[in-house]
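# Structural overview
In case you want the letters, here they are:
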Amino acid sequence: MESSQNHKLKYCLTLGIVAMEGRGFEYPSDAIIAEKGHIYVTNKSRDYGERGVRITVLDFDSHYYGTFGHYGFGEGNLISPSGITADSDGSIYVADDYTNFVTSFDLDGNFKHRWGTKGSNNGELHGPSGIASDSRGHIYISDTRNHRIQKFTTSGEFISSFGTLGTGDGELNLPWGLDVSNSGEIHVADWGNNRIQKFSSDGDFIELNDFGDDCESRLNHPSSVAVDGDGNQYIADWGNESVKVFDASGLFLQETRGEATLSKWASEFLETNKEEGLSRKSADLEALGSIPESKDPHTISAHIEKFFWSPVSVKLQGADYLFVTESNRHRIQVYSLDSR
């Protein structure tokens, strides 16, 4: 069955550069596009590195606006920021899978409030990862190690919870990214079960999509999902090091392994550091001949620079762009949605 309007991905540009602090990313985990086109990127850094943990703020043209949410346990600090979302009132919400806090900031990075307690009771969290907001002032959180989704007010008051560990309809296994569609339905990347599930805003199970067993559409530990206004699903297929696109009926449309070019920040670095630039020009960035396990997607991605390497998050900017955050290459690849 063909969709009436299918959006294919067309590569545009790359954002970011690896940096232990300041301008750049270090093991980015998620991104959100908020007001004025500012992009907020959560950085986990390595081993909870004190310098690298931060939220980096930039825009589509690689203008840099600073960082906030640095390492620490105090108010406004983060240890392991795992997911980020924004509401329509100018607030940013960050889930931290180490402290089990959800921290709210304004768009300038000023601390507002936080909530969260480790546990398995209603309103408690254990390793929260994905986080999303809807138009009615609700925050949805993938409570990953409790294998459920929880719904809160923007002030952190518990509303409801749905999902439990299992493989059946409505059951979850380490849910990761999630998205709220324009109609208010919740789409969840059911990481441990290799599928996407759809729920109503009240948590009622609607639909399960594992997209079949053929190679092109089979999912392998999906980490994130984004749904556009036509119901097309854009999925970060983490285990296959790719992004896959399906229409509203579940028809496979496209898979991309990544097409990254140098970002503006990386180009500026190489212009300044001439020796590294010369070394890069002489390097073979797509060599696979010496790789013994060249069919393994992780091995291939580790050796081919343009490919996704650990795509952890997909986020839409309206009907125009898809932002793919890839943790192991410390960058975001941006794709336009080409309507056909």
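Preceding this paragraph is the structure being described.
The rules we used
- Residues numbered from 1 in each chain as written.
- Predicted model: local features only at pLDDT ≥ 70, side-chain atom pairs only at ≥ 80, totals over all residues.
- Heavy atoms only, no water.
- Helix = DSSP H or I, 4+ residues; strand = E, 2+ residues; numbered from the N terminus.
- Rg over C-alpha atoms; globule rule 2.2 N^0.38 Å.
- Buried < 20%, exposed > 50% of the residue type's maximum accessible area, 1.4 Å probe, protein only.
- Contact = heavy atoms within 4.5 Å.
- Areas by Shrake-Rupley, 256 points an atom, 1.4 Å probe, with all protein chains shown as cover.
- 1 Å grid on protein atoms, 1.4 Å probe; cavity = no way out; pocket = protein on both sides within 12 Å on 5 of 7 lines; lining within 4 Å.
- Points joined across faces, edges and corners; volume = space filled by probe spheres on them.
- Lys, Arg positive; Asp, Glu negative; His and termini not counted.
- Salt bridge = Lys/Arg side-chain N within 4 Å of Asp/Glu carboxyl O.
- Polar contact = N/O pair within 3.5 Å; in protein donor to acceptor, adjacent residues only side chain to side chain.
- Nonpolar A, V, L, I, M, F, W, Y, C, P; charged D, E, K, R; others polar.
- Pairing = 2+ DSSP bridges.
- Axes fitted to C-alpha atoms, helices over the stretch in contact; angles between N-to-C directions.

### A word on the overall build of the protein chain
The number of helices and strands found in the protein chain is 3 helices and 24 strands. For 340 residues, the compact-globule estimate of 2.2 N^0.38 gives 20 Å, and the C-alpha radius of gyration of the protein chain, at 19 Å, lies within 12% of that figure. Principal axes of the C-alpha set define a box for the protein chain whose edges measure 55 × 50 × 35 Å. Burial status across the protein chain gives 55% buried among its 340 residues. Across the protein chain, contacts joining residues at least 24 apart in sequence account for 48% of those joining residues at least 6 apart. A total accessible area of about 14,600 Å² is found for the protein chain, and carbon and sulfur atoms account for 45% of it.

### Notes on empty space enclosed by the protein
Over the atoms, a rolling probe the size of a water molecule traces out where space has been left empty. Applying the stated criterion across every chain yields a total of 1 cavity of 30 Å³ or more. Taken as a whole, the largest cavity holds about 40 Å³ of empty space. As for the largest cavity, its lining consists of G72, F73, N77, L78, D96, T99, F101, T103 and R114.

### Focus on the side chain of D87
With respect to the helices, strands and loops of the structure, D87 is situated in the loop between β6 (81-86) and β7 (91-96). For the buried D87, no salt bridge is present, and the opposite-charge side chain at shortest range is K112, 6.2 Å distant. A distance of 2.9 Å separates a polar atom in the side chain of D87 from the backbone nitrogen of D89. One polar contact links the side chain of D87 to the main-chain amide nitrogen of G90, over a distance of 3.2 Å. Residue contacts for D87: discarding those within four places in its chain leaves Y93, S133 and T154.

### Quick word on the layout of surface pockets
In this structure, the largest pocket encloses a volume near 970 Å³. If you list the elements that add at least two residues to the lining of the largest pocket, you get β2 (28-33), β6, β10 (128-133), β14 (175-180), β18 (224-227) and β22 (311-317). Among the residues making up the lining of the largest pocket, the classes are represented as 17 nonpolar, 21 polar and 9 charged. Within this model, the second largest pocket holds a volume of roughly 670 Å³. Forming the boundary of the second largest pocket are 28 residues, of which K44, D97, S129, R145 and W176 lie nearest the centre. Secondary structure elements with two or more residues in the lining of the second largest pocket: β2 and β14.

### Section: the pairing of strand β9 (residues 111-115)
Note that strand β8 (residues 102-106) and β9 share 4 bridges and pair antiparallel. Within β9, the residue paired with T103 across the bridge is R114. Hairpin connection between β8 and β9: a loop of 4 residues separates the two successive antiparallel strands, and G109 in this loop has a positive phi of roughly 90 degrees.

### Concerning the side chain of N43
Within the secondary structure layout, N43 lies in strand β3 (residues 39-43). Within the local environment of N43, its side chain forms a polar contact with the side chain of T56, the two groups lying 3.0 Å apart. Excluding anything up to four places from it in sequence, N43 contacts G24, F25, E26, Y27, P28, G52, V53, R54, I55, T56 and P81.

### Section: the sheet that holds β3
The 4 strands lie next to each other as β2-β3-β4-β5, forming an open sheet whose pairing is antiparallel. Edge positions in the open sheet fall to β2 and β5 (64-68), since each of these has one partner strand only. Within the sheet, the average angular offset between the axes of one strand and its neighbour, ignoring direction, is 20 degrees. Across 5 bridges, β3 lies against strand β4 (residues 54-58) in antiparallel orientation.

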